[in-house]
Amino acid sequence: ASNLPAPLARWLPGRAIELGDVLLFRSPEDARTMLIKRCVGLPGTTVGDVRLPADRYFLLGDRRNDSHDSRDFGSVARAAVAGRVVAVLASRDPAGGWRASRSLSAVR
């Protein structure tokens, strides 16, 4: 089932979450904060020493050394996932300004 509003769900194809998908989800620590991380563990699988229960995902940031992710806050419930990220509309440089090279590009 999609967590998208009905008008969007009709236009965007849905499929099950797969390993490697980049997901937008509500932070388990602060439900007002949305995070983007890559799925490295699916329900029922083991990641390191962690066995994931049904409907839980293990999500890591691509910049592993600087990321606050499932290693810190644990697995993420399916209900917290808003959807898959498929494109970058705009990218901000950490030092300030915009990165045109990453804007309007597909997520890999």
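Model, not experiment: these values are computed from the prediction.

Chemist: Which residues make up the side chain of Ser75, and what values do they have?
Modeler: Examined against the element boundaries, Ser75 turns out to sit in the loop between α2 (70–73) and β6 (76–77). Setting aside its immediate chain neighbours within four residues, Ser75 contacts Leu52, Arg56, Tyr57 and Ser70.

Chemist: Lay out the pattern of salt bridges in plain terms, naming residues and giving numbers.
Modeler: For the structure on display, the rule yields seven salt bridges. Salt bridges here are not isolated pairs; linked through shared partners, they connect Arg15, Glu18 and Asp21.

Chemist: Describe unusual backbone geometry, naming the residues involved and giving the relevant values.
Modeler: One non-glycine residue, Asp55, lies in positive phi territory at about 65°. Mapped onto the fold, Asp55 is located in the loop between β4 (50–51) and β5 (56–60).

Chemist: Residues and numbers for the nonpolar core, please.
Modeler: Generally speaking, a soluble globular protein has its nonpolar side chains buried in company with each other. One finds Ile17, Leu23, Phe25, Leu35, Cys39, Tyr57, Leu59, Phe73, Val76 and Val81 forming the largest nonpolar core, which totals 10 residues. Elements with a contribution of two residues or more to this core: β1 (22–26), β2 (34–41) and β5. Look past the residues within four positions of Leu23 in its chain and what remains in contact with it is Ile17, Leu35, Ile36, Lys37, Cys39, Leu59, Val81, Gly83, Arg84 and Val85.

Chemist: Can you tell me about the sheet that holds β1, naming the residues and giving the values?
Modeler: The strand order across the open sheet formed by five strands is β6-β5-β2-β1-β7, and the pairing between neighbours is antiparallel. The open sheet terminates on both sides in strands that have one partner only, identified here as β6 and β7 (81–84). Where β1 meets β2, five bridges bridge the pair, whose relative direction is antiparallel. From the neighbouring strand, Phe25 faces β2, where its bridge partner is Leu35.

Chemist: Can you explain the side chain of Asp69? Please cite residues and give values.
Modeler: By the element assignment, Asp69 lies in the loop between β5 and α2. Judged by relative accessible area, which is 0%, Asp69 ranks as buried. Within polar-contact distance, the side chain of Asp69 engages the backbone nitrogen of Gly61 at 3.1 Å. Looking at Asp69, its side chain comes within polar contact range of the side chain of Ser67, at 3.1 Å. Contacts of Asp69, omitting those with residues within four sequence positions, involve Lys37, Leu59, Leu60, Gly61 and Gly74.

Chemist: Pulling in residues and values, what's your account of the pairing of β2?
Modeler: Bridge analysis of β2 against β5 gives three bridges, and the strand direction is antiparallel. Each residue of the ladder has a partner; that of Cys39, found in β5, is Leu59.

Chemist: Break down the environment of Gly44 for me, citing the residues and quoting the values.
Modeler: When you line up the elements, Gly44 lands in the loop between β2 and β3 (46–47). The class of Gly44 is partly exposed, set by a relative accessible area of 31%. Between the C-alpha atom of Gly44 and that of Asp55, which follows or precedes it by 11 residues, the distance is 8.4 Å. Filtering out sequence-adjacent residues up to four positions away, Gly44 remains in contact with Arg51, Leu52 and Pro53.

What counts and what doesn't
- Residues numbered from 1 in each chain as written.
- Predicted model: local features only at pLDDT ≥ 70, side-chain atom pairs only at ≥ 80, totals over all residues.
- Heavy atoms only, no water.
- Helix = DSSP H or I, 4+ residues; strand = E, 2+ residues; numbered from the N terminus.
- Contact = heavy atoms within 4.5 Å.
- Salt bridge = Lys/Arg side-chain N within 4 Å of Asp/Glu carboxyl O.
- Core = buried A, V, L, I, M, F, W, Y, C linked by side-chain atoms within 4.5 Å.
- Buried < 20%, exposed > 50% of the residue type's maximum accessible area, 1.4 Å probe, protein only.
- Pairing = 2+ DSSP bridges.
- Polar contact = N/O pair within 3.5 Å; in protein donor to acceptor, adjacent residues only side chain to side chain.

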